[in-house]
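Here is what each chain is made of, one letter per residue.
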Amino acid sequence: MAQQRSGSRRAGRSPLVAALVALEQLPGALGTALLALGVLVFGLLVAVACLVGVGLLAAPAAVRGLHAVADRERSRLGRWGPEVVSPGPLPERLRAAAADPATRRELRWLVGHGTGGLLLSAIVVLLPIYAVRDLSFPLWWWAVPPGAASDSLTFWDVREWSDVPLVVGLGLAWTTLSLLVTRPVAALLAGRGRRLLDAADVDLPLRIAQLTATRAAALDAHATELRRIERSLHDGTQNRLVAVTVLLGAARRAVPRDPAAAEEILERAQSAAEDALAELRSVARGILPPVLADRGLAGALSGLAATSAVPCQVAVDVPVRCAASVEATAYFLVAEALTNASRHSGATRVAVDVRSREGRLGVRVTDDGAGGAVEGAGSGLVGIRRRVEAHDGTLQLTSPPGGPTTLTAELPCGS
Ligand SMILES: Nc1ncnc2c1ncn2[C@@H]1O[C@H](COP(=O)(O)OP(=O)(O)OP(=O)(O)O)[C@@H](O)[C@H]1O
Ligand SMILES: [Mg+2]
């Protein structure tokens with residue numbers, strides 16, 4: 001209804017008013033187009049520097065610039081129409097950004113807006129300036145020094161009043177052209193921006209497919225986790241408790257006949273009960289490590305590093321806490337990477353780097369071992385991928401023969 005009303009209001013506008021409204025938008029478009037050109041030139045310089053092997057460090061800055069200009073255009077478009085939904089925090093690292101569909105669409109928008117968009121918006125902003133200048137020409141041309149009076153494009157050097165109508169005619173032509181092209185150009189720039197930058201409807205089927213896949217993986221991971229807990233309880237705790245009941249029965253029967261033997265059986269029952277308790281504790285720790293709640297992510301990771309068989313350096317920069325399940329995923333990832341490093345890599349040191357920025361938690365574990373890690377050869381890395389993707393995060397493993405091995409994950413903080 002509201003849309004219909006605004007539609008009929010728009011339909012009732014005179015071409016002049018519609019052109020003026022469209023004209024209002026174009027200085028903003030020109031501004032974002034200039035920014036887009038700046039980022040484009042910077043990105044090209046970084047790409048050239050990368051080719052000669054020195055630009056990799058500046059690549060995240062170029063990606064950040066791309067996101068920033070795209071966000072500015074989103075808010076500009078939002079001021080002149082429905083809100084343009086931001087896709088949320090986007091990756092900044094070059095490889096993740098190159099694989100991210102929303103970032104690729106932002107790049108397409110940037111290239112078009114920083115070149116063609118810049119040209120069109122500059123022309124449309126200049127047209128009314130030229131029109132006013134040439135239409136007002138009779139009022140001031142005689143006051144400027146001889147030889148300095150000409151039309152806006154300097155076609156005519158005006159020295160006589162007889163030439164003045166030509167300039168005014170040109171002013172009328174600029175006015176007509178401005179009325180004709182301002183609206184279509186504003187609509188073209190806005191339409192393209194909305195199509196490429198709005199996360200609400202762009203690639204919705206792809207997003208649904210991704211979420212369906214990660215939901216299935218999450219359910220799968222959940223079922224695997226339940227099976228693991230069930231196996232631990234069955235094979236560990238339950239067996240020990242069965243032993244406790246058997247031993248207690250034997251002790252009861254032995255008490256009247258042989259109290260000394262009964263005492264020895266009771267001692268065995270007690271130690272079986274203690275084992276069952278220890279098993280239970282370790283199962284509970286595997287579900288959600290209590291150390292996370294007690295000491296936070298930084299403390300929990302330092303604890304892991306302290307017990308690692310390979311010397312491990314931990315750097316954590318996480319100013320605000322993430323959701324408990326996200327912290328647990330980061331914790332299990334580091335635990336698996338440290339176990340793998342000590343079991344398979346022959347590394348002499350491991351570095352763990354965890355930081356959060358713009359609502360995303362980045363985790364990187366690097367060992368200087370022999371490399372050659374293969375996802376799928378065991379269940380550890382596959383399980384970590386499932387956990388990470390269940391949170392809509394990304395996981396990358398690089399482990400060339402000869403090393404080093406790096407496991408990188410990025411997770412939405414979710415709090
Ligand atoms: N840091 C590493 N350095 C070298 N090779 C590795 C490293 N991490 C894993 N690998 C190799 O990749 C394989 C897969 O690792 P993954 O963690 O998935 O399984 P696993 O450690 O063998 O078994 P599980 O984790 O299920 O107990 C390992 O068998 C090992 O050969
Ligand atoms: Mg493993």
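Residues numbered from 1 in each chain as written. Chains lettered and ligands numbered in written order. Predicted model: local features only at pLDDT ≥ 70, side-chain atom pairs only at ≥ 80, totals over all residues. Heavy atoms only, no water.

**Q** Looking at this structure, I do not really get the overall build of the chain. What am I missing?
**A** In terms of helices and strands, the chain carries 12 helices and 5 strands. For the chain, the C-alpha radius of gyration of 34 Å lies well beyond 22 Å, the compact-globule estimate for 415 residues. Counting over 415 residues, the chain shows a buried share of 35%. Considering only contacts within the chain whose residues lie at least 6 apart along the sequence, 68% involve residues at least 24 apart. Element-wise, carbon and sulfur atoms account for 63% of the exposed surface of the chain, whose accessible area totals about 23,200 Å². Mean positive and mean negative side-chain charge positions of the chain (43 and 38 charges, respectively) differ by 3 Å. (Helix = DSSP H or I, 4+ residues; strand = E, 2+ residues; numbered from the N terminus. Rg over C-alpha atoms; globule rule 2.2 N^0.38 Å. Buried < 20%, exposed > 50% of the residue type's maximum accessible area, 1.4 Å probe, protein only. Contact = heavy atoms within 4.5 Å. Areas by Shrake-Rupley, 256 points an atom, 1.4 Å probe, with all protein chains shown as cover. Lys, Arg positive; Asp, Glu negative; His and termini not counted. Charge placed at Lys NZ, Arg CZ, Asp CG, Glu CD.)

**Q** For this particular structure, what's the right way to read the site of ligand 1?
**A** Residues in close proximity to ligand 1 total 16 residues, the closest being Glu336, Asn340, His344, Asp367 and Ser379. Contact distances for ligand 1 include 2.8 Å between a nitrogen atom and a side-chain N or O atom of Asp367. A distance of 2.7 Å is found between an oxygen atom of ligand 1 and a side-chain nitrogen or oxygen belonging to Ser379. Alone, ligand 1 offers 590 Å² of accessible surface; in the complex the protein occludes 81% of this. Among the elements of the structure, helix 11 (324-345) and helix 12 (380-390) are those that each provide at least two residues to the shell around ligand 1. Counting residues per element, the shell around ligand 1 draws most heavily on helix 11, which supplies 6 residues. Considered class by class, the residues forming the shell around ligand 1 number 5 nonpolar, 8 polar and 3 charged. (Near = heavy atom within 4 Å. Polar contact = N/O pair within 3.5 Å; in protein donor to acceptor, adjacent residues only side chain to side chain. Nonpolar A, V, L, I, M, F, W, Y, C, P; charged D, E, K, R; others polar.)

**Q** It is not clear to me how unusual backbone geometry should be interpreted in this structure. Could you clarify?
**A** Cis geometry marks the peptide bond from Gly403 to Pro404, where omega comes out at -5 degrees. By the element assignment, Pro404 lies in the loop between strand 4 (394-398) and strand 5 (405-412). Positive phi, close to 55 degrees, is recorded for Thr154, a residue that is not glycine. Here Asp392, not a glycine, exhibits a phi torsion of approximately 65 degrees, which is positive. Inspection of the secondary structure puts Asp392 in the loop between helix 12 and strand 4. Residue classification places Asp392 among the partly exposed residues on the basis of a relative accessible area of 30%.

**Q** Is there a simple way to explain the domain arrangement of the chain in this structure?
**A** One frequently used descriptor of interface size is the decrease in accessible area upon assembly of the parts. According to the domain assignment, the chain contains domain 1 (2-197), domain 2 (216-287) and domain 3 (294-412). Between domain 1 and domain 2, the C-alpha centre-to-centre distance is 73 Å. (Domains from an automatic or database assignment.)

**Q** So what exactly am I meant to see when it comes to the packing of aromatic side chains here?
**A** Taken as a whole and assessed by the stated rule, the structure comprises 6 aromatic pairs. Judged by centre distance (5.6 Å) and plane angle (50 degrees), the rings of Tyr130 and Trp174 are tilted. Pair noted here: Tyr130 is in helix 5 (residues 101-135) and Trp174 is in helix 7 (residues 164-197), with a separation of 44 residues, a long-range link. On the basis of relative accessibility, which here comes to 23%, the residue Tyr130 falls in the partly exposed class. Residue classification places Trp174 among the buried positions, given a relative accessible area of 12%. Measuring from centroid to centroid gives 5.0 Å for Phe137 and Trp140, while their planes differ by 75 degrees, and the two rings are edge-to-face. Taken together, the residues span about one helical turn, with Phe137 and Trp140 both in helix 6 (residues 137-140) at a distance of 3 residues. Residue class for Trp140 comes out partly exposed when judged on its relative accessible area of 27%. Clustering of aromatic rings is evident, with ring pairs tying together Phe137, Trp140, Trp141 and Trp161. (Phe/Tyr/Trp six-rings, centres within 6.5 Å; stacked < 30°, edge-to-face > 60°.)

**Q** Quick question: what am I supposed to make of helix 9 (residues 259-287) here?
**A** An α-helix turns once every 3.6 residues. As a result, residues three or four positions apart point the same way. Across its 29 residues, helix 9 extends 42 Å between first and last C-alpha, which sits within 8% of the 42 Å expected from 1.5 Å per residue. The complete set of buried residues in helix 9 reads Ala262, Ile265, Ala269, Ala272, Ala276, Val283 and Gly286. Where helix 9 is buried, its residues contact helix 8 (204-257) and helix 11. (Expected span 1.5 Å × (residues − 1).)

**Q** Explanation requested: the packing of helix 2 (residues 15-51) against helix 3 (residues 59-79) in the structure shown.
**A** The axes of two packed helices give the description: the angle between them and the distance between them. Put simply, helix 2 and helix 3 touch, their axes get as near as 9 Å, and they point 170 degrees apart. In terms of orientation, helix 2 and helix 3 fall into the roughly antiparallel class. Here Gln25, Gly28, Ala29, Thr32, Leu35, Ala36, Val39, Phe42, Gly43 and Val46 of helix 2 lie close against helix 3, whose contacting residues are Ala59, Ala61, Ala62, Gly65, Leu66, Val69, Arg72, Glu73 and Arg76. Per-class residue counts for the contact of helix 2 with helix 3 are 11 nonpolar, 5 polar and 3 charged. (Axes fitted to C-alpha atoms, helices over the stretch in contact; angles between N-to-C directions. Parallel < 35°, antiparallel > 145°, perpendicular 65-115°, else oblique.)

**Q** Explanation requested: the packing of helix 8 against helix 12 in the structure shown.
**A** Helix 12 packs onto helix 8 with a crossing angle of 130 degrees between their chain directions and a minimal axis gap of 8 Å. Viewed along their axes, helix 8 and helix 12 adopt a mutual orientation that is oblique. For the crossing formed where helix 8 meets helix 12, the hand is left-handed. Here Thr214, Ala217, Ala218, Asp220, Ala221, Thr224 and Glu225 of helix 8 come into contact with helix 12, specifically with Arg386, Arg387, Glu389 and Ala390. (Left-handed = near helix turned anticlockwise from the far one by under 90°.)

**Q** I'm lost on the state of the cysteines in this one. Help?
**A** Structurally, a disulfide amounts to a covalent bond that connects the sulfur atoms of two cysteines. What the rule picks out here adds up to 1 disulfide. With no disulfide of its own, Cys312 lies 19 Å from the sulfur of Cys322, the closest cysteine sulfur. (Disulfide = S-S within 2.5 Å.)

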